[in-house]
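# Working through the structure, step by step
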Amino acid sequence: MPRVPEISLVPLTRDTIPTALDLHRRSETFDGVPRVLELEELEEELDDEHVVLATDTRLALLDGEPAGYVYTYYLPSEVREERNYIFGEVVPEHRGKGVGATLMEWAIARATAQLHSSGRSLPRYVRADSYDYIESAHRLFARLGMEPVRYTDELLRPLTDLPALPTLDGVHIVPWPAHRSEEIRAVKNDSFADHWGSTPTNEHHWAQMTTGFGARLDLSFVAIDDHDHIVGHCLNKRYEADDAVLGRKDAWIDNLGTLREWRGRGIASALIAHSLHAFAADNLTHASIGVDSENPTGAARLYQALGFERQTRSITHQLVV
Ligand SMILES: CC(C)(COP(=O)(O)OP(=O)(O)OC[C@H]1O[C@@H](n2cnc3c(N)ncnc32)[C@H](O)[C@@H]1OP(=O)(O)O)[C@@H](O)C(=O)NCCC(=O)NCCS
C-alpha cells in the first residue's frame with residue numbers, strides 16, 4: 001500500500017516568510033489570479049497587530065517539503081460584529097492531498113478561539129474569500145461548514161474619455177491633506193458605519209491603510225465644505241508588480257466614502273473624476289475598484305455610470321462561531 005505523506009504544521013517565522021511568498025505566488029499563478037504579491041506587502045501583512053506569526057500563521061510541510069500556508073487576520077471591534085479572516089494557499093502540485101483541509105481546520109479553530117477570547121458578546125464571524133472560479137476553494141470552505149454570504153466585484157475602467165471635473169455647490173475637492181489624517185479616519189468610520197462587513201478602523205490600521213504598501217496619497221483626494229470640514233474621501237493605491245501579469249497599469253480606488261448628510265450631491269463622483277485625471281497624469285492606463293455587489297448605497301450603479309465594468313467576482317464564505 002502506498003504510504004500516506006505526512007502533513008505537519010509549523011508557525012511561520014520572519015525567515016520563512018519568503019517561503020510563504022513563493023508558495024503564494026505559485027498558487028496564484030496556477031489559479032490565474034491577476035496579481036503578483038510582493039515580499040514587502042506580505043511582510044507588512046504578517047508583521048502586524050492583526051496577525052502574530054507564532055500564534056496566527058502556519059506553514060504546511062508535506063514530508064518536510066513546504067506545500068502551503070495559512071494565516072488568520074483578526075479584526076477586533078467594540079461595535080456591530082467581530083471578524084477573523086482566513087487567508088491561505090496550497091501549491092498546485094500538492095493539492096488534493098489534504099493540505100488545504102489541514103490548514104483550514106487549524107485556522108478555523110484558531111480564529112474561533114481568538115474571537116471567543118475577546119470577552120465581548122457581539123456576533124462572531126470567521127470569513128474566507130476566493131474568486132468565484134476557483135472551485136476547489138469553495139468546495140473546501142463548504143466541506144468545513146462555511147456558507148457563501150456575499151459577492152465582491154472588481155470593476156475596471158480605461159483611463160480614456162475621462163469625465164469632466166465637476167464644480168460642486170458648497171464643496172471642493174483637494175489633494176489628500178496628510179496632516180489631517182485623523183479627521184479623514186473619522187469620515188471613513190462614519191461613512192462606512194452601515195457598510196456590510198465594516199467596523200471602525202483604528203489608528204494603527206488606518207496608518208497601515210494610508211501609508212503602508214501600495215498607498216498613494218499623492219493620487220488621493222478629499223472633499224471639503226465651506227467651513228473647512230472634510231465630508232468625503234477617496235484613498236487610492238497602486239501595485240506596480242501587477243503590471244506584468246495584467247498588461248496594464250492599474251490604479252486602485254481603495255476606500256471611498258461620503259458622510260451620510262452629504263450624499264446624492266455628486267461628491268463621490270467628483271472624487272472619482274479627480275482621481276481618474278490624476279491617474280492619467282501619472283501615466284497609468286486603467287482604474288480599478290472593488291465593490292460589494294449588494295452595496296445598499298448604490299455604489300455599483302455610481303461606478304457603472306462613470307464607465308467602470310465588472311471584471312471579476314469573489315465570494316465571501318462565512319462560519320458563525
Ligand atoms: C457610495 C458613496 C461613496 C456615494 O457617495 P455620494 O457622494 O452620495 O455619490 P454621488 O452623489 O456622486 O452619487 C450618488 C447618486 O447621486 C447622483 N448625483 C450625482 N451628482 C449629483 C448632483 N449634483 N445632484 C444630485 N444627485 C447627484 C449620482 O448620479 C448617483 O445616483 P445613483 O444613486 O442613481 O447612481 C456613499 O453613499 C457612501 O459613502 N456609502 C458608504 C460607503 C461605501 O459604500 N463606499 C463605497 C465602497 S465600494
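Residues numbered from 1 in each chain as written. Predicted model: local features only at pLDDT ≥ 70, side-chain atom pairs only at ≥ 80, totals over all residues. Heavy atoms only, no water.

As a further point, take the side chain of Lys188. Secondary-structure assignment places Lys188 in helix α6 (residues 181-191). Buried within the structure, Lys188 lacks any salt-bridge partner; Asp254 is the closest side chain of opposite charge, at an N-O distance of 9.2 Å. For Lys188, the side chain forms a polar contact with the side chain of Thr201, separated by 2.8 Å. Residue contacts for Lys188: discarding those within four places in its chain leaves Ser198, Thr199, Thr201, Trp206, His233 and Asn255. (Helix = DSSP H or I, 4+ residues; strand = E, 2+ residues; numbered from the N terminus. Buried < 20%, exposed > 50% of the residue type's maximum accessible area, 1.4 Å probe, protein only. Lys, Arg positive; Asp, Glu negative; His and termini not counted. Salt bridge = Lys/Arg side-chain N within 4 Å of Asp/Glu carboxyl O. Polar contact = N/O pair within 3.5 Å; in protein donor to acceptor, adjacent residues only side chain to side chain. Contact = heavy atoms within 4.5 Å.)

Turning our eyes to something else, we now look at the packing of α6 against helix α7 (residues 203-211). Direction vectors running N to C along α6 and α7 enclose 100°, while the axes themselves pass 11 Å from each other. By the angle between their axes, α6 is roughly perpendicular relative to α7. For the pair α6 and α7, the contacting residues are Ser181, Glu182, Ile184, Arg185 and Lys188 in the first and Glu203, Trp206 and Thr210 in the second. Of the residues in the contact of α6 with α7, the class split is two nonpolar, two polar and four charged. (Axes fitted to C-alpha atoms, helices over the stretch in contact; angles between N-to-C directions. Parallel < 35°, antiparallel > 145°, perpendicular 65-115°, else oblique. Nonpolar A, V, L, I, M, F, W, Y, C, P; charged D, E, K, R; others polar.)

What follows is about the domain arrangement of the protein chain. Under the domain assignment used here, the protein chain contains domain 1 (7-145) and domain 2 (155-314). On a C-alpha basis, the centres of domain 1 and domain 2 stand 28 Å from each other. Facing 21 residues of domain 1, the contacting portion of domain 2 comprises 23 residues. The contact between domain 1 and domain 2 buries some 2,000 Å² in all, and 51% of this surface belongs to carbon and sulfur atoms. Its largest share of buried area at the contact with domain 2, domain 1 owes to Val36, Glu44 and Arg80, together 26% of the area lost on that side. Taken together, domain 1 and domain 2 are joined by zero salt bridges. Counting the contacts that link domain 1 with domain 2 gives 13 residue pairs in polar contact (both at pLDDT 80 or more). Looking at the side of domain 1 that touches domain 2, its residues break down into six nonpolar, three polar and 12 charged. (Domains from an automatic or database assignment. Buried area = accessible area lost by both parts, 1.4 Å probe.)

Another aspect to go through is helix α9 (residues 267-281). For α9, spanning 15 residues, the distance from its first C-alpha to its last is 21 Å, which sits close to the expected 21 Å at 1.5 Å a residue. Along α9, 11 of the 15 residues are buried, which leaves the element largely enclosed by surrounding structure. Considered for burial, the residues of α9 that qualify are Ile267, Ala268, Ala270, Leu271, Ile272, Ala273, His274, Ser275, Leu276, Ala278 and Phe279. Looking one or two places after α9, you find Asn283, whose phi comes out positive at around 65°. (Expected span 1.5 Å × (residues − 1).)

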